[in-house]
Amino acid sequence: MGAQKKRAAAAAAAARVSEDPDDLARQPLQAILLADSFTTKFRPITLERPKVLLPLVNVPMINYTLAWLEAAGVAEVFVFCCAHSKQVIDYLENSEWFSQPNFTVKTIESHNIISAGDALRLIYEQNVIHGDFVLISGDTVSNMSLTQALQEHKERKKKDNNAVMTMIIKKSKPSPITRQSRLGTDELFMAIDPNTKQLLYYEDKADHSKGTICLDKMLLAENPSISLHNDKQDCYIDICSPEVLSLFTDNFDYQHLRRHFVKGLLLDDIMGYKIFTHEIHSSYAARIDNYRSYDIVSKDIIQRWTYPYVPDVKFCGNRATKLERRGMYRALEIEQSRSAQVGSFTVIGYGTKIGSNSKISDSVIGEGCTIGSNVLIEGSYIWDNVIIEDGCELRHVIVCDGVIMKAGAVLKPGVVLSFKVVIGERFVVPAYSKVSLLQQPTVHDSDEELEYADNSSGTVEFSSIQGTADQSNGEMTSESSEAHKPKLGTGGVGYIWSICEGGQEEEWRHSVAPIPEDKLTELSEAMDDDQELVTQDRTALSTSGELISDSNASEGDDNEDSKDDSVYFEKEVEATFLRAVEENVKVDHVILEVNSLRLSYNMTSADCAGAVFYSMMKLAIKTPHSSAIGLLTLYPSPFSMVASNAYPIYLSGELQQNTANIITTWQKLLKSYLLEIDEEIEIILKFEEMCLESAKEFSPLFARILHILYDKDILQEDAILRWADEKEGADESDKVFVRQSEKFIQWLREASEEED
Amino acid sequence: MQFDDQGRVNKSKKRAVFNQPEAKNRVELFRHLPQYEHGSQLTDLESKFLELDSMHPAVYKVGVQYLAGDVTGGNARCIAMLRAFQEVINDYSTPPGKTLVRDLTAKISSYVSFLIECRPLSMSMGNAIRFQKSRIAKLPLTLSETEAKAALCNDIDRFINEKIILADKVIVRHAATKVRDGDVLLTYGSSCVVEMILLYAHELGKQFRVVVVDSRPKHEGQALLRRLLAKGLSCTYTHINAVSYIMHEVTRVFLGASSVLSNGTTYSRVGTACVAMVAHAFRVPVLICCEAYKFHERVQLDSICSNELGDSNDIARVPGRPDVNSMDNRTNEKNLQFLNLMYDATPSEYVSMIITDYGMIPPTSVPVIVREYRREYLLI
């Protein structure tokens, strides 16, 4: 295999070298257009019509791509059709594309292809690509000039035979909150050599939860400079050398253009193939990957970023449209009521009727639609021959051909209505739901798909759309006879698809509707939390995905160490204390030992007081109680502690007695650390903490033990009162123990007043 | 001062604090205005910092800010100057054998001439200086030095508060009544009062759109646009060469002014007159928003006799467009003169209304305000 690979590459290289540079220039530029995205993101619409024929501002997407390829100087385009190939071929045959001078469009059809990789392998077998070619999918809108990128590619190729691909990128900063670009694609990390523009690293599925990306250290070692970008958008326009096709054939497991091919080339350092990038600045390029990018690219077209591919310039297949002020495009023969308000950035297709008092803004209305009166349409995409009756409301939705909305129906943001659905009177379609005449196919049963789907991805599934569509077509014919579909209101026809598992929360990410405010605030809050975590947790790096410098990391360590220290210290003190109790060590000696610990751990006397007190209280719990149930005393003490945690079987009186005893015995030890009032307060706080967390048994006894501590002169009244004062402003939850000891505090206050 | 009068220019040069090389190719029509070679002044001034022992640091700071363009806009410049004078007065002690009134006035005059060197005064600043000097002159002789200083500082505070800050608030209230739902408001450049009006009207919940018209070379409108967008206003941004296209949609034009003159002429950022004229031709009301302290009793018919010239390099170069470079290294060509005017005069017939702190008045009423309220300066 390897040998064969090498031979193929060598043969290709030899063929290259023998060619005259002038010959190279004269060779007509070819392009491969994949008329299938091999994804399911546009379901349910793509079950009935291929994605490339979906209208984008009233023109099928593929026309934008073909028009651009023609303008960019491509002479021959191979349109690779897979899903609904018949429809694509029929469309192309009836369009003008087959009759253009100097521009040939050829179709390649295959039904059993499930990935871009398979498609390229098939094209390689047909042996139609002779030189450099442009690889693009039929859902890309661009107006860039290929000349410079092509020139760069050819020059690089001349110098270095391994430079097989040039990838077009464009600057686009992802939102820091959603970690998505404005086109709704995931944040993309690329490492590019700033001098040669070589692509060194490509990761579109970075794990944001950890906030880290891993770069191979060889990458840093081998390249003198490297710039890591998260602000670049992959335009999915690639200029490839013919070797690319043979590479796909050699590596028969390459399926996805980016995830397998690009990453595979970047990792594979044996063959040394290189991918380069070309950044475009002022021109436009974007691929429609999901509903969000459909929305964004439509808006960009209406706002003329894609000039000359705009509605009022005839490029192919679009009807004459007039541009009016504020981005309003109106085709001919529109019937519009005088009282209807058509707002800015709206396209209205040929022969559409709009009733009185209807309001339309930021929307695209297709051809031959009938819109009743008092209809509200905002930010929506309505395709051809849709009937919307009076009083409907549509916000940020996609409505496909032939849909009928009965009077008063409401579509919440993010709804997608597939072909010929009927929505019943006054029916409210919930947000983000997808409605189709076809039933939701059971996606997860095909072994083939499971095998193919990348384990790490999960969000993108590939499947043979053709097959499932046919299957469900059959279902539909049988199903439609049973006319009971109560789900869409009276007279409604269609199924509301259940959102597939795991996708529910992600639905808003790729929807046509803009991201709701509350989601954004939720996310940004979550991000703040993350950042807090980062400061505590040394394993987490900065969430922004940047490499953290050494100094920061060591700082994190320091924090961690000090936290650890106090825990160790506490444990040591506890151990010392327990040993002292068991072996009856003299109090003075214990003080000495704790002092030495204090010095070695660099702690304050308040810490000592806290730790000593903590160990004393622990001991009080652990001490087997004289009158407790006999069985318990038989168990070793740790077990009894476990038991006590689970069942509060101690009689509170006994625990109190125990505590009192221990405090009396060891009060000298404790007192030796209570030099000032601060330390006393520290003890109260420690006690409070214990009652809440480690030793809940004490919580009902809090006030009484406080009293004991006071009686034994361990705590002065000043300390208790100051603690109470401090807690005054705290949260309700923090005040539990102040409440409990309210009487005692009250009594203390009165006593001190009397003294005065 | 007439800069085409060679004798006077030489005299003033001797007094000058720092060197200002004069532009080589001066525009003939504007020889009476100072035309300097830009670029080297700031470093020259900075290098002189230690030598200028007579200069108060606060004044020096303001001067550098003017020169570097860090403080722009009539109100901001005026407030910066007054605050600097406040510090001057606070630190002032009368030298032996001199009187406070005389000596302080002289000192302030010298500071003012320094500030003029940095950038020509705006009319508003002229008014404020005149007010300041009259306050010093009118100080009762019975006051002790500390009392006099406190009184002067207090006067400056009151001037800033009443004539600028409160006046702006009043103007905003007045102007907001002129914004109706569905309006399309056009503004030119960046005026802080107009910005306050737009934001206030937006806060009131009025539904309107804003068209921000901008121009080279300063692109002041972009900063305004950014602030408006941050507050959620719906904006359109265009350059002044498209003003006749966009004016079709506009229902009101709000403009700021550097000064309003006695004959109703508005003296403002260059381009304002063009916008006002186009609006007039389209029968769109033009509202000028200007505080009354900027009114001036001078009468001016054109924008030639009094104006300010900016850096000629600004218009010769297109920043961020290395492909547009045909003017590079041509700035010193003999038969080429760059004219970068800063202000222009809008005749009163193109102005529908002037919104000021005394209410909304027609341009013909400006002399009344100047005459009747001029005395009030003395009353503060």
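Check the entry above for the structure.
Read on for a plain summary of the structure. (Residues numbered from 1 in each chain as written. Chains lettered and ligands numbered in written order. Predicted model: local features only at pLDDT ≥ 70, side-chain atom pairs only at ≥ 80, totals over all residues. Heavy atoms only, no water.)

Helices and strands together make up the secondary structure of chain A, namely 24 helices and 35 strands. Across the 756 residues of chain A, 52% fall into the buried class. Of the roughly 35400 Å² of accessible surface on chain A, a fraction of 51% belongs to carbon and sulfur atoms. (Helix = DSSP H or I, 4+ residues; strand = E, 2+ residues; numbered from the N terminus. Buried < 20%, exposed > 50% of the residue type's maximum accessible area, 1.4 Å probe, protein only. Areas by Shrake-Rupley, 256 points an atom, 1.4 Å probe, with all protein chains shown as cover.)

To continue, consider the pattern of salt bridges. Considering all chains together, one arrives at 34 salt bridges over all chains under this definition. For aspartate 160 of chain A, the salt bridge identified is with lysine 274 of chain A, shortest N-O distance 2.9 Å. In this pair, aspartate 160 of chain A sits in the loop between α6 (146–159) and β8 (163–171) while lysine 274 of chain A sits in strand β13 (residues 274–280), placing the two residues 114 residues apart along the sequence. Take aspartate 160 of chain A: its relative accessible area is 21%, and that puts it in the partly exposed class. With a relative accessible area of 27%, lysine 274 of chain A lands in the partly exposed category. Taking the shortest distance from any N to any O, the salt bridge between aspartate 157 of chain B and arginine 83 of chain B comes out at 2.9 Å. One end of the pair, aspartate 157 of chain B, is in helix α7 (residues 145–176); the other, arginine 83 of chain B, is in helix α4 (residues 74–90), and 74 residues separate them in sequence. The class of arginine 83 of chain B is partly exposed, set by a relative accessible area of 35%. Each of Lys171, Asp231, Lys232 and Glu279 of chain A takes part in one network of salt bridges that share partners. (Salt bridge = Lys/Arg side-chain N within 4 Å of Asp/Glu carboxyl O.)

Residues and elements named next belong to chain A. A sheet is described by the order of its strands in space; here 9 strands give the open sequence β15-β16-β19-β22-β25-β28-β31-β34-β35, paired in mixed fashion. What marks the edges here is a single partner per strand, and that holds for β15 (321–324) and β35 (495–497). Where strand β25 (residues 381–382) and strand β28 (residues 398–399) come together, 2 bridges link them in parallel fashion. Across the sheet, isoleucine 382 pairs through a bridge with valine 399, a residue of β28. (Pairing = 2+ DSSP bridges.)

With that settled, consider the sheet that holds strand β17 (residues 335–336) of chain A. Residues and elements named next belong to chain A. Here we have 6 strands laid out as an open sheet, ordered β17-β20-β23-β26-β29-β32, and parallel in their pairing. Of all strands in the sheet, those bounded by a partner on one side alone are β17 and β32 (422–423). Relative to strand β20 (residues 353–354), β17 is paired through 2 bridges, and the arrangement is parallel. Residue pairing across strands places glutamine 336 opposite isoleucine 354, the latter belonging to β20.

The next subject is the pairing of strand β12 (residues 232–240) of chain A. Residue and element names in this part refer to chain A. The element β12 is extensively covered by neighbouring structure, given that 8 of its 9 residues are classed as buried. With 4 bridges joining them, strand β6 (residues 133–137) and β12 adopt antiparallel strand pairing. By the bridge assignment, phenylalanine 133 is partnered in β12 with cysteine 240. As paired strands, β8 and β12 are joined by 6 bridges and run antiparallel to one another. Bridged to lysine 170 within β12 is glutamine 233.

Further remarks concern the pairing of strand β10 (residues 353–356) of chain B. Residue and element names in this part refer to chain B. Alternating positions in β10 separate into two faces, Met353 and Ile355 on one and Ile354 and Thr356 on the other, with burial throughout. Where β10 meets strand β11 (residues 359–361), 3 bridges bridge the pair, whose relative direction is antiparallel. Opposite isoleucine 355, over in β11, you have methionine 360 as the bridge partner. In textbook terms, the turn of a hairpin is the stretch between consecutive antiparallel strands, and for β10 and β11 this stretch comprises 2 residues.

Below, the discussion takes up the side chain of serine 262 of chain B. Residues and elements named next belong to chain B. Mapped onto the fold, serine 262 is located in the loop between β5 (259–261) and β6 (266–269). Judged by relative accessible area, serine 262 falls into the buried class, the value being 14%. Setting aside residues up to four positions removed in sequence, serine 262 forms contacts with His296, Glu297, Arg298, Val299, Val366 and Pro367. (Contact = heavy atoms within 4.5 Å.)

Now for helix α9 (residues 220–230) of chain B. All names here are of chain B. Gly221, Leu224, Leu225 and Leu228 are the residues of α9 that are buried. Down the axis of α9, the buried side of the element spans an arc of 105°, and every buried residue falls inside it. Those residues of α9 that are exposed and angled more than 90 degrees off the buried face are Arg226 and Ala230. Contact partners of the buried residues in α9: β1 (183–188), α8 (192–203), β2 (208–214) and β3 (234–239). Looking at the residues trailing α9, positive phi occurs at glycine 232, about 85°. (Arc of directions from axis to C-beta.)

All names here are of chain A. Examined against the element boundaries, isoleucine 302 turns out to sit in helix α10 (residues 291–302). Residue classification places isoleucine 302 among the buried residues on the basis of a relative accessible area of 5%. A sequence separation of 245 residues divides isoleucine 302 from valine 57, and the C-alpha atoms of the two residues are 7.8 Å apart.

What follows is about helix α5 (residues 116–126) of chain A. All names here are of chain A. In terms of burial, α5 is a largely internal element, 8 of the 11 residues being buried. For α5, the secondary structure elements touched by its buried residues are β1 (29–34), β4 (74–81), β5 (104–109), β6, α8 (243–250) and α9 (257–267). The positive-phi residue at the C-terminal boundary of α5 is asparagine 127, with phi of around 60°.

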